[in-house]
Amino acid sequence: MHHPRLYKRFHKLHHEWTQPSSVESVYCCPTEMVVSNLIPLVIGPILMGSHITVFWVTMVNTLLMTTIQHCGYHLPFFESPEGHDYHHKYFNRVYGIWGILDSLHGTGIKGTLNGKRHYRLFSTTPVCVTYPKKVK
């Protein structure tokens, strides 16, 4: 969706907020909703002939993770939203989920404050305390 021809037409609506929130996590144009959100979500369970319970667990998990990635809070035991927050701030960075392709193409967040804060939290100490923003 970040290809120049597709971004303006479909995905830019999702990036109206540079500071993501859970409310706008699935905010997008109808075409993007179908092509990028619904089809990838349902195609696996349909092709594999999964039980309806598996489908609903997949759906709930996906929506929960999407909401957490956009909530702006680094919650213990969940994926860090730091990378996705950075992606919304700078649209040409952090495209992938795991960072493999971002490392290969130089679009990752290594060396940034968000990069230091981007890890799975296993304590109740906030990452902003562990890695505070430097005040000039």
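First, a word on what this report is: a plain description of the structure on this page. Values in this document were obtained by computation on a predicted structure and should not be read as measured data.

1. A look at the overall build of the protein
Helix and strand counts for the protein stand at seven helices and zero strands. Starting at the N terminus, the α and β elements of the protein follow one another as α-α-α-α-α-α-α. In terms of principal-axis extent, the alpha carbons of the protein reach across some 55 × 35 × 30 Å. Counting the 136 residues in the protein, one finds 27% classified as buried. Summed over its atoms, the accessible surface of the protein is roughly 9,600 Å², and 66% of this surface lies on carbon and sulfur atoms. The protein carries 13 positive and 7 negative side-chain charges, and their two centres are separated by 10 Å.

2. Section: the packing of aromatic side chains
Scanning the model with the defined rule gives three aromatic pairs in all. A centroid spacing of 5.4 Å and a plane angle of 75 degrees characterise the contact between F55 and W56, whose relative ring orientation is edge-to-face. Using a relative accessible area of 15% as the deciding quantity, one classes F55 as buried.

3. Some points on unusual backbone geometry
The backbone of F77 sits at a positive phi, close to 75 degrees, despite the residue not being glycine. By secondary structure assignment, the location of F77 is in the loop between α3 (52-70) and α4 (82-89). Look at F77 and you get exposed, because its relative accessible area is 53%.

Parameters at a glance
Residues numbered from 1 in each chain as written. Predicted model: local features only at pLDDT ≥ 70, side-chain atom pairs only at ≥ 80, totals over all residues. Heavy atoms only, no water. Helix = DSSP H or I, 4+ residues; strand = E, 2+ residues; numbered from the N terminus. Buried < 20%, exposed > 50% of the residue type's maximum accessible area, 1.4 Å probe, protein only. Areas by Shrake-Rupley, 256 points an atom, 1.4 Å probe, with all protein chains shown as cover. Lys, Arg positive; Asp, Glu negative; His and termini not counted. Charge placed at Lys NZ, Arg CZ, Asp CG, Glu CD. Phe/Tyr/Trp six-rings, centres within 6.5 Å; stacked < 30°, edge-to-face > 60°.

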